[in-house]
Amino acid sequence: MLRHLITTFALFLALAIPAAAEDNTPATATDIALALGSGGAGGLSHIAMLGVFDELKQKPAHISGTSVGAVIGALYAAGLSAKEIEAVFKEFNGDGFDVLQGIWDSGLSIGNLLKTSINEGGLLDASNFLDYLAEQVEAERFEDLQIPLSIVATDYWTGEAVVIEEGDLFEAIAASMAVPGLFKPVTRGDQVLLDGGLANPLPYQLLMGRYDHVIAIDVSGVRERSEEAAGLTQYLFKTFEIMQQSIIRQMRQQDEPDLYLKPDTGDIQLLHFNRLNDILEKAQPEAEKLREFLRSH
């Protein structure tokens, strides 16, 4: 009799409590935040890193980004996958983004998405490019994003980093990527904003103390010795690179992120956006380090 009662009760529980359905929804890495650094085309390495999050069905709890890191971070925070972001940049064909070597190529390329803006403080006006990016996502403001995002620009008058976390998303991106002399500055209230890499090229310190783990992706590049004399644009862009690397070294002496990654971008110039496949391939060793870190945390 007792056995019959136990069996009946067990059967009742099995019928009353439905089996848990398989959940394929990406999990949020609630204790992991991600900082995406400045570095021109080398910043396409960020796509490989975001691909690891997608592969493991995780999402960072917060993203901070500077310059190209702000661009890619915003697209990801707005809901695009790493593969979809890669497809956006693959639309840029031909010689891509090289201002002095064929920027006005035919077909859909960066040349079609930029226009000159010499009288407004920059060689190029990125408004068409930003309009193109805006067409890829539904988010228009920070409040529309699926992942919290902090974008870093630099105040021309004070020289200090400006952290933008609300308001017009693409105005913030334009400010963060306003490389002096290349893209025109962005006026925001009483501020004149320039590229965030001038003040904070790898904004991981914004996240420290707020999350258990902070990952920083440094795409500021390196300089390889060459017998060939550097040209004007190379000296200009590499000088900007030197400045950013100096700032990052000082930041790391003060605070070290939980995981610091620096993909190989040694021979990638600032505007070599046409080398997407090469850049993603070079990023794979650091992507593997990120994969191991996420699996263990």
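A few points on the structure. Keep in mind it's a predicted model, so treat the numbers as computed, not measured.

### Here's the deal with the packing of helix α3 (residues 68-77) against helix α7 (residues 169-176)
Where α3 meets α7, the axes come as close as 8 Å, and the angle between the chain directions of the two elements is 155°. With respect to their mutual orientation, α3 and α7 come out roughly antiparallel. Note on packing geometry: the crossing formed by α3 with α7 is left-handed. Of the residues in α7, those in contact with Ala 70, Val 71 and Ala 74 of α3 are Leu 169, Ile 173 and Ser 176. In the contact of α3 with α7, the residues fall into five nonpolar, one polar and no charged.

### Here's the deal with the environment of Arg 295
Relative to the helices and strands, Arg 295 resides in helix α10 (residues 284-295). Between the C-alpha atoms of Arg 295 and Leu 56, which are 239 residues apart in sequence, the distance is 8.0 Å.

### Here we look at the pattern of salt bridges
Pairs can form between side chains of opposite charge once their charged atoms are near each other. By the definition in use, this model includes 13 salt bridges. Note that Lys 90 is salt-bridged to Glu 86, the shortest N-O span being 3.0 Å. Taken as a pair, Lys 90 and Glu 86 lie in helix α4 (residues 82-90) at a separation of four residues, close to a single helical turn. Look at Lys 90 and you get partly exposed, because its relative accessible area is 46%. Among the residues examined, Glu 86 registers a relative accessible area of 12% and is labelled buried. For Lys 282, the salt bridge identified is with Asp 264, shortest N-O distance 3.8 Å. Within this pair, whereas Lys 282 is found in helix α9 (residues 276-282), its partner Asp 264 is found in the loop between β11 (259-261) and α9, the two being separated by 18 residues in sequence.

### Quick notes on α4
By the burial criterion, the buried members of α4 are Ala 82, Ile 85, Glu 86, Val 88 and Phe 89. Buried residues of α4 fall within an arc of 155° about the axis and therefore sit on the same side.

### What about the side chain of Ser 176?
Locating Ser 176 in the fold gives a position in helix α7. With relative accessibility at 0%, the residue Ser 176 sits in the buried group. Polar contacts involving the side chain of Ser 176 include one to the main-chain amide nitrogen of Ser 67, which spans 2.7 Å. In contact with Ser 176, not counting residues within four places along its chain, are Gly 65, Thr 66, Ser 67, Ala 70, Ile 151, Val 152, Ala 153, Leu 194, Asp 195 and Gly 196.

### Focus: the packing of aromatic side chains
By the definition in use, this model includes two aromatic pairs. For the ring pair Phe 89 and Phe 273, a centre distance of 6.3 Å and an interplane angle of 15° mean the geometry is stacked. Of this pair, Phe 89 sits in helix α4 while Phe 273 sits in the loop between β11 and α9, and the two are 184 residues apart along the sequence. Owing to a relative accessible area of 8%, Phe 273 belongs among the buried residues under this scheme. Plain terms: the ring middles of Tyr 156 and Trp 157 are 4.9 Å apart, the flat faces sit at 75° to each other, and that makes the pair edge-to-face. Looking at Trp 157, the relative accessible area reads 60%, which means it is exposed. A cation over a ring is seen here: Arg 252 above Tyr 260, with NZ or CZ 3.5 Å from the ring centre.

### Some remarks on empty space enclosed by the protein
In total, this model carries two cavities of 30 Å³ or more according to the counting rule given. The computed volume of the largest cavity comes to approximately 190 Å³. Of all elements in the fold, only α3, β7 (181-183) and α8 (232-254) reach the threshold of two or more residues within the lining of the largest cavity. Partitioned by chemical class, the residues of the lining of the largest cavity number 13 nonpolar, five polar and one charged.

### Let's talk about helix α2 (residues 45-55)
Burial analysis of α2 places eight of its eleven residues in the buried class, which makes it a mostly covered element. Turning to α2, its buried residues are Ser 45, His 46, Ile 47, Ala 48, Met 49, Leu 50, Val 52 and Phe 53. Lys 57 sits one or two positions beyond α2 and adopts a positive phi of about 55°.

### Comments concerning the side chain of His 213
Its location among the elements puts His 213 in strand β10 (residues 213-217). What makes His 213 buried here is its relative accessible area of 18%. Excluding anything up to four places from it in sequence, His 213 contacts Asp 31, Ile 32, Ala 33, Asp 258, Phe 293 and His 297.

Here is what the cut-offs are and how they apply
- Every chain begins its residue count from 1, and numbering advances along the sequence as written.
- Confidence filtering applies because this is a predicted model: local features only for residues at pLDDT of at least 70, side-chain atom pairs given and counted only at 80 or more, and all residues used for totals across whole chains, interfaces and linings.
- The side-chain values count all of the structure's non-hydrogen atoms but skip hydrogen atoms and water molecules.
- For every element, the axis is a line fit to its C-alpha atoms; helices are fit only across the contacting stretch, and the angle between N-to-C directions ranges from 0 to 180 degrees.
- Here a strand is any run of E in DSSP of at least two residues, a helix any run of H or I of at least four, and the numbering for each starts at the N terminus.
- The scheme is simple: roughly parallel for angles under 35 degrees, roughly antiparallel for over 145, roughly perpendicular for 65 to 115, oblique for anything else.
- Whether a crossing is left-handed or right-handed is set by the direction in which the near helix is turned from the far one by less than a right angle, anticlockwise for left-handed and clockwise for right-handed.
- Should any heavy atoms of two residues lie within 4.5 Å, those residues are considered in contact.
- Any residue that is not Ala, Val, Leu, Ile, Met, Phe, Trp, Tyr, Cys, Pro, Asp, Glu, Lys or Arg is counted as polar, Gly included; the first ten are nonpolar and the last four charged.
- Put simply, a salt bridge is a Lys or Arg side-chain nitrogen that is within 4 Å of an Asp or Glu carboxyl oxygen.
- Here's how the labels work: a residue is buried when its accessible area is under 20% of the maximum for its type, exposed when over 50%, partly exposed in between, all with a 1.4 Å probe on protein chains only.
- Relevant arc is that of directions from the helix axis to the C-beta atoms, nothing else.
- Polar contact is defined as a pair of N or O atoms within 3.5 Å, subject to the rule that within protein one atom must be able to donate a hydrogen and the other to accept it, and that residues adjacent in sequence are counted only when both atoms are side-chain atoms.
- Pairs were defined over the aromatic rings of Phe, Tyr and Trp, the Trp ring being its six-membered one, requiring ring centres within 6.5 Å. Orientation was assigned from the angle between planes: stacked under 30 degrees, edge-to-face over 60, tilted for the rest.
- Throughout this description, the term charge over a ring refers to an Arg CZ or Lys NZ atom that lies within 6 Å of the ring centre and within 35 degrees of the ring normal.
- Whether a set of points on the 1 Å grid over the protein atoms alone is a cavity depends on a 1.4 Å probe fitting there but being unable to get out, while an open set qualifies as a pocket with protein on both sides within 12 Å along at least five of seven lines; lining residues are those with an atom within 4 Å of a point.
- Grid points are joined across faces, edges and corners, and a volume is the space filled by probe spheres set on the points.

Remember that the coordinates give geometry; whether it matters functionally is a separate question.
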